[in-house]
Amino acid sequence: MNELVVETKNLNFSYSKNKNDIQDLELKVPKGSIYGFLGPNGSGKSTSIRLILGLLKKNSGTVALFGELFNEQSRLNVLNKVGALIENPSLYEHLNAIDNLKISANYRQNISSNRIQEVLETVNLTKAKNKKIKEYSLGMKQRLGLAISLLSNPELIILDEPTNGLDPKGIIEMRTLIKDLNKKFGTTIFISSHLLSEIEKTCTHVGIIRNGKMLYQDTVASLKDSKGTNIKVEIEVDNPNEGVSVLKNLKMENISLLDDLLQIEVKNKNEITDVIDVLRTEGIHIYQVTIKNNLEELFLSLTEN
Amino acid sequence: MSTIVYYTASLKNELIKLKRTFAFWLTIISAILFPILFFIAYIFEHKTLVPAAGVNPWGKFMVTQIENSTPFFIPMFIVLVTSLIMQIEHKSLGIKHLFALPVPKSSIYFGKLSIVILAIIVTYIYYYIAILLSGVLLGFVYPDLGFLNFQPEHFQYLKILMTSFVASLGIIGIQFWLSFRFKNFVIPLGFGMFLAIIGIIVSQAPQQSIYFPYSFSVLSVSLGDKMPLIFGISSVTIFSILCFLITSIFGYFNIKKLNIK
Ligand SMILES: Nc1ncnc2c1ncn2[C@@H]1O[C@H](COP(=O)(O)OP(=O)(O)O)[C@@H](O)[C@H]1O
Ligand SMILES: [Mg+2]
């Protein structure tokens, strides 16, 4: 797991002289990981991806893919092992899905027409394969873009906001697909998003970027640990005010009401049972208990100033 | 993999991309436009156009038509068709995808350039076939025009077309680079159309315009025997080929280093 598939060092880039769009970026994407590249809009995710793929000329620093420095000599060799979907997919709207896939297959060589059918099946577009892309929805285009990046069975797949324009069902399918690829073939997946929930549910590793600077980079597990030990719980009851006074008798911290929902912090999951027991003994009805996601708060606090 | 394999793949793909595009239809429309106009003119004027006994009507029909339309029209056609073919790529946000594929950028640049040239050659071929057919048709409609009684002298007409094509290579190099370089098609189109018109105007002064690529097409026909020669070859031909080589190679190195935003 120590092998890095993407590694950048001191990466700097600016679109114009008076502004630094990427600053000293040190990306470390381990082999076999699903790496979530997280940051608000305009933070430099797409720019970083373009730098990794050699589409932009870096001002300084290095990019290494599969342990090999990315340069003029290694370019073809390195790109051979990469499939990428950069921002909006590049599709020829006047052609159908088959032709679009054929074009990428021809460029890459050695890709059978079987494989084209296979990736269409994978992204659920077999029925629409003869339709012109003009008639596709945003989500279908996104899925075809993904299919194109899968064509060559790459070792590294780079996806720039792949769930853009997908409906909830499509988002779940995409998530499953990404996890499957990673599990079955050990494909390393680099995926950018501005939504924490997206990254949290799919990724093993996370890098958080803001204003072109990396703020945090580690496994998702340590991100979850780093947010403090207390678990925040939200409880819906029939009588919230009574609930608050009952809980105040326990020696628990930070009890409050938010939109008529009880808010409470516990030290571990066992204490949740204790809380429920106390409420039930007092005859209070419980309709719902939820563990609150405070990664969201952490993400916000990291990306705000 | 060898360069030639990449180049053929690129050519094959460019042909797929042209399917059902306006650029494809433009080659056909442009090719038949003037033959149709001349056909109509001959229909209306057929009484005055009956040749003297024993005179081959093809010579006048072909040469007048080629010399009076091609040189003026071809530069504008090149500007338009080159922009349109490149626009297929820009519209699909294709360049970022192509340049992130394990394919040499040269095969993409020169593959596309080859297809632009091929589209222009094909237009010339359609054009030639269209004129011949319109002549034969006139022969059927008005037998006294004599088109069915004589053979066209292909070599003579094809030589004019060939010269015109080679004289256009220079602006193909320029326009292709501009169209590749600028996403916004107004830039190559506006610039090209403006210079094409300037080219026609300044071709009135051949001494100066012999160095101006956008005049080459007109000069290649209008100068006739007065064309200055370099090592026995028309100087417009030489300048045009040089301009093509320089701008294509410069264009490639420029595109190769370009930031794909
Ligand atoms: N083509 C461009 N020209 C100039 N500036 C750009 C361009 N694309 C992006 N930027 C700037 O670079 C920064 C990062 O943008 P981007 O990488 O697209 O962010 P993200 O993908 O995280 O939303 C932003 O400040 C944006 O304004
Ligand atoms: Mg982006």
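Residues numbered from 1 in each chain as written. Chains lettered and ligands numbered in written order. Predicted model: local features only at pLDDT ≥ 70, side-chain atom pairs only at ≥ 80, totals over all residues. Heavy atoms only, no water.

Taking an unreviewed UniProt entry as the reference, chain B is identified by name as ABC transporter permease belonging to Polaribacter marinus.

The name that an unreviewed UniProt entry assigns to chain A is ABC transporter ATP-binding protein, with the source organism given as Polaribacter marinus.

Student: Is there a simple way to explain the overall build of chain A in this structure?
Tutor: When helices and strands are tallied, chain A shows eleven helices and 15 strands. Each of the three principal axes of chain A carries a C-alpha extent, and together these read 70 × 45 × 35 Å. Considering only intrachain contacts with a sequence separation of at least 6, the fraction spanning at least 24 residues in chain A is 68%. When the accessible surface of chain A is summed, it comes to about 14600 Å², and 46% of that surface belongs to carbon and sulfur atoms. (Helix = DSSP H or I, 4+ residues; strand = E, 2+ residues; numbered from the N terminus. Contact = heavy atoms within 4.5 Å. Areas by Shrake-Rupley, 256 points an atom, 1.4 Å probe, with all protein chains shown as cover.)

Student: Mind showing me how you'd approach the domain arrangement of chain A here?
Tutor: Quoted interface sizes are often the accessible area lost when the parts come together. Splitting chain A by domain gives domain 1 (4–225) and domain 2 (231–303). Each of domain 1 of chain A and domain 2 of chain A was reduced to a C-alpha centroid, and the two centroids are 40 Å apart. (Domains from an automatic or database assignment.)

Student: Please clarify how the packing of aromatic side chains should be interpreted in this entry.
Tutor: One pair of aromatic rings is described through two measures. These are the centre distance and the angle between the planes. All told, the structure shown has 23 aromatic pairs over all chains when counted by the stated rule. Aromatic side chains A:F13 and A:Y15 sit 4.9 Å apart centroid to centroid with 85 degrees between the ring planes, which places their arrangement in the edge-to-face category. Centre to centre, the rings of B:Y109 and B:Y252 are 6.1 Å apart; their planes meet at 50 degrees, and the pair counts as tilted. With B:Y109 in helix α5 (residues 105–141) and B:Y252 in helix α10 (residues 235–257), the pair connects residues that are 143 residues apart, well separated along the chain. B:Y252 sits in the buried class, given a relative accessible area of 13%. Within the aromatic cluster, the residues linked to one another by ring pairs are B:F99, B:Y109, B:F110, B:F176, B:F180, B:Y252 and B:F253. (Phe/Tyr/Trp six-rings, centres within 6.5 Å; stacked < 30°, edge-to-face > 60°. Buried < 20%, exposed > 50% of the residue type's maximum accessible area, 1.4 Å probe, protein only.)

Student: How should α10(B) be read in this particular structure?
Tutor: Given 3.6 residues to a turn, an α-helix orients residues that are three or four positions apart in the same direction. All names here are of chain B. With 23 residues, α10 extends 33 Å between its outermost C-alpha atoms, agreeing within 8% with the 33 Å of an ideal straight helix rising 1.5 Å per residue. Among all positions of α10, only S235, V236, T237, S240, C243, F244, T247, S248, G251, Y252 and I255 are buried. In this fold, the buried residues of α10 make contact with α5, α6 (154–181), α9 (216–222), β1 (229–230) and β2 (233–234). (Expected span 1.5 Å × (residues − 1).)

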